[in-house]
Amino acid sequence: CLAASAWMLCERLFAGSLHPGLGTPAWVLLAMGFNVAFRLTWQHYRLIGFGDAIRIGIATLGMGISGVLAAWALQAHPGVFNIETALAATPATGAFWMVLRGAFRAWHEQTGPVMRPCEGQVRHRTLIVGAGRAGILIAQELKRHPELGETLVGFLDDALDKQGIFIQGTPVLGTSHLLRRVVRERCVSRVVLAIPSVPGPVLRRLHDSIRAVGLEVKTVPGLFDLLGTQVWKPELRDVSIEDLLRRDSIQLDQGSLNQLFENSVVLVTGGGGSIGSELARQIATFRPARIVLLGRGENSLWETERSLRVLFPNQALSLELCDIRNPARLQQSFGRWHPDVVLHAAAHKHVPYLEAHPEEAVENNIFGTLNVIHAALAAGVPTLVNISTDKAVNPTNVLGASKRIAEALVLQAGQTAPLGTRFMSVRFGNVLGSRGSVIPIFKDQIKRGGPLTVTHPDMTRYFMTIPEASQLVLQAAALGDTAKVYVLDMGAPVKIVDLATDMARLSGLTPGEDIELKFTGIRPGEKLYEELFSDQEQTSSEVHPKIFNAAPEEVRQNLMEEGLSALRRALDQDEDLRQTSILRGLQQLVPSYAPSPTGLGRYGNPRINGRGASGAHPIYLPPTIKG
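What comes next concerns the included structure. (Residues numbered from 1 in each chain as written. Predicted model: local features only at pLDDT ≥ 70, side-chain atom pairs only at ≥ 80, totals over all residues. Heavy atoms only, no water.)

**Section: the nonpolar core**
Then comes step 1: Judged by nonpolar contacts, the single largest core of 45 residues is most densely connected at Phe 334 and Leu 586.
Then comes step 2: Every element with two or more residues in this core is listed here: strand E8 (265-269), strand E9 (290-295), helix H12 (327-337), helix H13 (351-356), helix H14 (358-379), helix H15 (398-416), helix H19 (557-571) and helix H20 (575-589).
Then comes step 3: It is H14 that contributes the most residues to this core, 10 residues altogether.
Then comes step 4: Sequence-distant contacts of Leu 586, that is, excluding residues within four places in its chain, are made with Ile 366, Val 398, Ala 401, Ile 405, Leu 567 and Tyr 593.
Then comes step 5: Residues Val 268, Ala 280, Phe 312 and Val 426 belong to the second largest nonpolar core, which totals 41 residues. (Core = buried A, V, L, I, M, F, W, Y, C linked by side-chain atoms within 4.5 Å. Buried < 20%, exposed > 50% of the residue type's maximum accessible area, 1.4 Å probe, protein only. Helix = DSSP H or I, 4+ residues; strand = E, 2+ residues; numbered from the N terminus. Contact = heavy atoms within 4.5 Å.)

Okay, here's the thing in C-alpha cells:
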C-alpha cells in the first residue's frame, strides 16, 4: 500500500496524470521483493533502532537502482514505467517505510499514564545522572516499560557539549552540580547514577548529595566487573560499599589473556572459596577447554558449580573433591586432567583462628602449597599462580608467616622448574565481600540492629573488590615471569571505622543515633596497619600499571629444607610443645616474623586468648607505616 501510494503520488507530480498502465503494480511487486530480501517486515516497529534504519536505507537504495534500470529498459513504453517517476518514488517509498515505523515507536513510548508533577504522585519521577551510553540505555528501558512505575524527568551530565539538548526526546537539564536545584524544581523522587566508569570518590560525592535531600539512589554495574566476552547490561541496583570504593577501570591485555586461557585446561584449588569461584567465573569468559574446581568443601563446590552452569551452560566443568594436604590424591587429580594453568587459591586465612591453631596453617598453607607444587611439576603444568596476601610482609601473625613461606616455596620451584614453566605468586590485601571479611559481618550486624563492631578506631586495611583482584591475578598469570612475587595495586588504605560508617549510611542509618558503633579491641595476631612491600623489596611495574614486582629476599635451599623438617617434627610433638616449636620454625624461615603481642607468639598458649596477665590488648605498631 505504501509503495502504491508513493508511485501514484510521484506519477501525478511528474507525469501530470494517473496512467492506467502497469507502473503501480510493478513498483509494488518491486517493493515487496526488497521487503522480503532485506526482511523489513520482520522488524519490530515499536522497537525500531538505528540498525533497522540503516537496513531500510540500503533496501531503498537497491530498490531505486532496480527501478531506474527497469524504467530504462522499458523506455519504449513510458506509460508503464518511466525514469522520472522511479527516481521520485524511491525516496518517497523509503520515507513512508521509516515514518510508519517511527510513528509506531513514538506512539508506543508516549502511551504511559499522564502524570502531574507533584500532587497525587504514585510513580517515581526519575532523574538520570550521566547521559552517556549507560544513561541512554536506562532511559530507553524506563520508557519501554511503564509497568516499572518510572516517569523520566531528564538527564544531568557534566559534558559541555550535551548541555541544553534533547537526547531521544529527554532533556539534559544541566551538570551534576545543579543536582539539588533540579531535584527541587522537578519534584524528583529517585536518582539513577548511570556512570559505570566513574571512580569511587566521585560516586561517593554524588551519593552523599542525593541522600542528603532524602531521595532514593540507584546505580548500575561498574565496568570493572567485565572481562572477556561479557557485555555490560543496564541493571539498576542499590549503591553498595564496593561502588563507593571503586577505582578507575582496569585496562587489561585481552590478547594475552585469550592466548593463555582459551582452549586450555585450568585447575583452580580452593574452587569453592570467594576468590577461587570468582577466578573460575572470570576464566569462563575466555572459553577454556575445561575448568577443574578442586577443593575439600563439598557444599561450596556445589554452589560454585551451580552458578557456573547457569552462567556458562556450554562450559566443560569438572569437580575434584580433594584436600591439598593429601599429596597422593592431589597427584591423581593433576594426572587425570593435566592442566595447562593452575591457580592456587586454597588456604586458611582467618588470623585469630590460625593464632590459636598454628598447626593448621603449617599443614594447609605451607605443606599444602608444597603438595600443589609437586603435583604441578609431576603433571608438567606450564603455569602456576599462587594467591598470597599482604600479611606476608613483615608478618606479625601465623597466617602472614605461613604465606611468606608459601611464596618462597613457589619462588624456588620457579627457579628450578623446566624451561618454559612459570611459577609465580600474586600478593594482595583484603577482598571486599569475601567470606569472613568485614562487609558480610557489617551487613549481618546492620540487619540485626547493631552494634557495628570495630576492633580499633585507627585500624586500616587495603581493599579490593573480588572482580578487580581476580582480573589482576589473571593478568599477572598471562604476562608474569617465573620465580616472581607480584603485588596488586591496592590504592589507598581504608579505615575500617569508615567502612562501617559508610555501610550504615547506605542502609539509611546514622551511626551513633540509629545504630551503635562499638570498639572491641585488637584481635590475636592483628596489627593496625598492613604493608604491601618490606623495606628490602624492590618495586617495579613491568607486567601492568597496577601490578608490581616485589622481588622479596630469597630463602636459601638448605635453610628451607632445615626449616621444613623442623616444622614437620613440630607437628608430631605433644600439644604442650607443638606451638612453641612451630613458632621457632616459622621464625627460622621468616626472620622478619615478629609475633604480635596479641598473638600466641609472646605467650605460647592460645588459651590466654591473646591477652596478657592484665587481660589488656596491647597495640602493635609496625616500625614503618607506609601508604
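**Examining the sheet that holds strand E5 (residues 190-193)**
Then comes step 1: The sheet built from five strands is open, its strands ordered E2-E1-E5-E6-E7 with mixed pairing. The sheet terminates laterally at strand E2 (150-156) and strand E7 (237-238), the two strands that pair on one side only.
Then comes step 2: As defined by bridge partners, E5 adjoins strand E6 (residues 216-219) across four bridges and the pair is classed as parallel. Looking across to E6, one finds that Val 191 is bridged to Val 217.
Then comes step 3: Lying on the sheet, helix H5 (residues 133-144) is in contact with strand E1 (124-129), E2 and E5; it crosses E2 at an angle near 160°. (Pairing = 2+ DSSP bridges. Axes fitted to C-alpha atoms, helices over the stretch in contact; angles between N-to-C directions.)

**What to know about the pairing of E9**
Then comes step 1: Within E9, five of the six residues are buried, leaving the element largely enclosed by the surrounding structure.
Then comes step 2: By the bridge criterion, five bridges tie E8 to E9 in an arrangement that is parallel. Following the sheet pairing, Val 265 is matched in E9 by Arg 290.

**Focus on H20**
Then comes step 1: Between its terminal C-alpha atoms H20 stretches 22 Å, which fits the 21 Å expected from 15 residues at 1.5 Å a residue.
Then comes step 2: Those residues of H20 that sit buried are Gln 579, Ser 581, Ile 582, Leu 583, Gly 585, Leu 586 and Leu 589.
Then comes step 3: For H20, the elements touching its buried residues are H13, H14, H15 and H19. (Expected span 1.5 Å × (residues − 1).)

**Notes on the packing of helix H10 (residues 274-284) against helix H17 (residues 466-479)**
Then comes step 1: Two numbers describe how H10 lies on H17: the axes approach to 9 Å, and their chain directions differ by 65°. Judged by the inter-axis angle, H10 sits roughly perpendicular to H17. The way H10 lies across H17 gives a crossing that is right-handed. Contact residues: Ser 274, Ile 275, Glu 278, Leu 279, Gln 282 and Ile 283 in H10; Ile 466, Pro 467, Ser 470, Gln 471, Val 473 and Leu 474 in H17.
Then comes step 2: In terms of residue class, the contact of H10 with H17 is built from seven nonpolar, four polar and one charged. (Parallel < 35°, antiparallel > 145°, perpendicular 65-115°, else oblique. Left-handed = near helix turned anticlockwise from the far one by under 90°. Nonpolar A, V, L, I, M, F, W, Y, C, P; charged D, E, K, R; others polar.)

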